[in-house]
Amino acid sequence: MSEGKSVANNLIWAVAMIIIVGMVAGALYYGGILSGKKKHEVDVEVSVPGVTNSR
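Residues numbered from 1 in each chain as written. Predicted model: local features only at pLDDT ≥ 70, side-chain atom pairs only at ≥ 80, totals over all residues. Heavy atoms only, no water.

A few words on the packing of aromatic side chains. Applying the stated criterion across every chain yields a total of one aromatic pair. Ring geometry for Tyr 29 against Tyr 30: centres 5.4 Å apart, planes inclined by 80°, an arrangement best described as edge-to-face. Of the residues examined, Tyr 30 reaches a relative accessible area of 73% and is grouped as exposed. (Phe/Tyr/Trp six-rings, centres within 6.5 Å; stacked < 30°, edge-to-face > 60°. Buried < 20%, exposed > 50% of the residue type's maximum accessible area, 1.4 Å probe, protein only.)

Before going further, it helps to spend a moment on a nonpolar patch on the surface. On the surface, Met 17, Ile 20, Val 21, Val 24, Leu 28 and Ile 33 cluster together into a nonpolar patch covering about 560 Å² of accessible area. Inspection of the secondary structure assignment puts Val 24 in helix α1 (residues 2-30). (Patch = residues over 30% accessible without salt bridge, like charges linked within 9 Å, V, L, I, M, F, W, Y side chains within 5 Å. Areas by Shrake-Rupley, 256 points an atom, 1.4 Å probe, with all protein chains shown as cover. Salt bridge = Lys/Arg side-chain N within 4 Å of Asp/Glu carboxyl O. Helix = DSSP H or I, 4+ residues; strand = E, 2+ residues; numbered from the N terminus.)

So, in structure tokens, the structure goes:
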């Protein structure tokens, strides 16, 4: 009888580990680490307006 409980317990732990690993892999994929998406670079030019003296 205890052998059946041991197999059932191991099966439950195996399924739990598969679910946990799947959730971690999904979080890493949707977070962008595993998806291989390249970051887009945006070229922004900032300039200071000319100073005028109105005195």
